[in-house]
Structures are given as structure tokens and as C-alpha cells.
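These are the residues of each chain, in order.
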Amino acid sequence: VQLQACGGGLVQAGGSLRLSCVPSKSTFSINAPIWYRQYPGKQREMVAGISDGGYINYDDSVKGRFTISKDNAKNIVSLQMNSLKPEDTAVYYCNAAIGTFRGRFWGQGTQVTVSS
């Protein structure tokens, strides 16, 4: 079982991208998802997450610009990124618990590049 992330790409500053993350089998639920990003040579940092209780949390740097959502019917987690800035350029990863499997799982990472 694994997570598959997609939706990254190259966009100009001020533009938008939508990242998606799905489990390797669509019947598996995604629980307590978190989006992270990683700059070259740096550790991954949390961007946005949804707790088991539905509480949504954002890093201050993306508040008001990014929106995390979870479609429970389709088992998809998305990260809508608006008003992108060059400093949002990073590799983005999804992380979540899947179904009844123990532990948490990482997606493969998707590159987001914002040009100035």
C-alpha cells in the first residue's frame, strides 16, 4: 500500500496549482492527511494538515493562500495552492494513515516550481 501524489509543475508567481494524493487502491481511506514540503538541503516542513477530528492547520506562510481538503467518497486529499510565490518552490509530499494499516505513509513527492 502506498500514496500517490500528483499535480505539481511550473507556474508563474501569482498562479495556482492543485496537488492531489490518493492511496494505491481507491477503496482505502486516507486519514489525518498532512502535506509537507522540502527545500533543497532542508528537512521537510508541514504545510497543511487535517486531524482525525477534522481540525485543519496551516503553516503561517501559506494561510489564506493554500487550502487542504479531503474527499471521503473518493479518498482523495487535495492541496489547492493560490497566489503562489517563488518561495513556495519545493518538493511537496503527502503523508497520511491509510485504512486500517499501521503507521503512516508517504507519497513520492511532486515538484512545484514558481517562477518570478
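Above this text you will find the structure in question.
Just so it is clear, the structure is predicted and the values come from calculations on it, not from any experiment.

### Quick notes on the overall build of the chain
Inference 1: The secondary structure content of the chain amounts to zero helices and eleven strands.
Inference 2: Counting from the amino terminus, the chain carries its helices and strands in the arrangement β-β-β-β-β-β-β-β-β-β-β.
Inference 3: Projected onto its principal axes, the C-alpha positions of the chain cover 45 × 25 × 25 Å.
Inference 4: Per-residue burial over the chain gives 40% buried out of 116 residues.
Inference 5: Contacts spanning at least 24 positions in sequence make up 54% of the contacts within the chain whose residues lie at least 6 apart.

### Points about the state of the cysteines
What makes a disulfide is a covalent bond joining the sulfur atoms belonging to two cysteines.
Inference 1: Scanning the model with the defined rule gives one disulfide in all.
Inference 2: No disulfide involves C6; its sulfur sits 8.6 Å from that of C21, the nearest cysteine.
Inference 3: On the basis of relative accessibility, which here comes to 47%, the residue C6 falls in the partly exposed class.

### With respect to the nonpolar core
Inference 1: Membership of the largest hydrophobic core comes to 27 residues, with the highest contact counts inside it found for W35, L79, M81 and Y92.
Inference 2: Of all elements in the fold, only β1 (3-6), β3 (17-23), β4 (30-38), β5 (45-50), β7 (66-71), β8 (76-81), β9 (90-98) and β11 (110-115) reach the threshold of two or more residues within this core.
Inference 3: At five residues, β9 tops the list of elements feeding residues into this core.
Inference 4: The residues touching M81, leaving out its near neighbours within four places in the chain, are G15, S16, L17, L19, R65, F66, Y92 and V112.

### A look at the pairing of β1
Successive residues of a regular strand alternate their side chains across the two faces of the sheet.
Inference 1: Taking every second residue as pointing to the same face, the buried face of β1 carries L3 and A5, while none of Q4 and C6 on the other face is buried.
Inference 2: Pairing analysis gives four bridges linking β1 to β3, with the strands arranged antiparallel. Following the sheet pairing, Q4 is matched in β3 by V22.

### Some words on the environment of Q12
Inference 1: Mapped onto the elements, Q12 comes out in strand β2 (residues 9-12).
Inference 2: Distance from Q12 to T113, taken between C-alpha atoms, is 8.3 Å for residues 101 residues apart in sequence.
Inference 3: Among all residues touching Q12, those that are not within four sequence positions of it are V114 and S115.

Parameters at a glance
Residues numbered from 1 in each chain as written. Predicted model: local features only at pLDDT ≥ 70, side-chain atom pairs only at ≥ 80, totals over all residues. Heavy atoms only, no water. Helix = DSSP H or I, 4+ residues; strand = E, 2+ residues; numbered from the N terminus. Buried < 20%, exposed > 50% of the residue type's maximum accessible area, 1.4 Å probe, protein only. Contact = heavy atoms within 4.5 Å. Disulfide = S-S within 2.5 Å. Core = buried A, V, L, I, M, F, W, Y, C linked by side-chain atoms within 4.5 Å. Pairing = 2+ DSSP bridges.

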